[in-house]
Amino acid sequence: RFQSDVERSGTGSLLLWPADVRRLVHSWQRRGGIGTLTEIMNDDVASRVDEVNAERRRRATLAPEVSVRAAEDLSIVSMLTREHRCFGSRSTDNERETGFLVRDALPGLPPAQAKEVIESSLFVDDGEGSRRLHHRTAQEFLAARGVMRLMGTQPGGFDLVSLFVRPSPAGLVIPASLR
């Protein structure tokens, strides 16, 4: 029955890795069916944020909802800059690689917490010290959810420019990795 539900719902493209299948089976069993794409994606994000090894759990400082909001913001920046790779920092190993710096996209989070976000199971290694969202569908979903969150929390609507412009002694600037 599970396989026929997957085929009927068109969610097979979400099953790239064995862990993806395990998460979808768990969601399917809990719901008694596949559910909507929104339900599947919400379940996937929640399970990935909760999925931590003992070492990460011991040193975790962020509440799951903060991690998800940060992942939403990173997804928005990624979609708008068309850069899917993010870096915790630049080094001689990755200085020529394309991508953006997490600190530029999440200026309100201390570096250790920003690192905690991109080390969650929502992100995967992408070579040369970079990370990216585990699946393009998840990136699009989190970006859309983040935009909806921002639209609902800012009086008069949502200003996309506020995601990119930062105050500096010289005035308002866009960090180089977000240009």
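Please refer to the structure higher up on the page.
Summary of the structure given here. (Residues numbered from 1 in each chain as written. Predicted model: local features only at pLDDT ≥ 70, side-chain atom pairs only at ≥ 80, totals over all residues. Heavy atoms only, no water.)

This next bit is on the packing of helix 1 (residues 2–9) against helix 2 (residues 18–31). Contact geometry of helix 1 with helix 2 gives a least axis separation of 11 Å together with a crossing angle of 100 degrees. For the element pair helix 1 / helix 2, the angle class is roughly perpendicular. Between helix 1, through F2, D5 and V6, and helix 2, the contact on the second element is made entirely by L24, V25 and W28. (Axes fitted to C-alpha atoms, helices over the stretch in contact; angles between N-to-C directions. Helix = DSSP H or I, 4+ residues; strand = E, 2+ residues; numbered from the N terminus. Parallel < 35°, antiparallel > 145°, perpendicular 65-115°, else oblique. Contact = heavy atoms within 4.5 Å.)

Further remarks concern helix 2. With 14 residues, helix 2 extends 20 Å between its outermost C-alpha atoms, agreeing within 8% with the 20 Å of an ideal straight helix rising 1.5 Å per residue. If you check which residues of helix 2 are buried, you get D20, R23, L24, S27 and W28. One side of helix 2 carries all its buried residues, which in axial view fall inside an arc of 135 degrees. Within helix 2, the exposed residues directed more than 90 degrees away from the buried face are P18, R22, H26, Q29 and R30. Just downstream of helix 2, G32 is the residue with a positive phi angle, here 80 degrees. (Expected span 1.5 Å × (residues − 1). Buried < 20%, exposed > 50% of the residue type's maximum accessible area, 1.4 Å probe, protein only. Arc of directions from axis to C-beta.)

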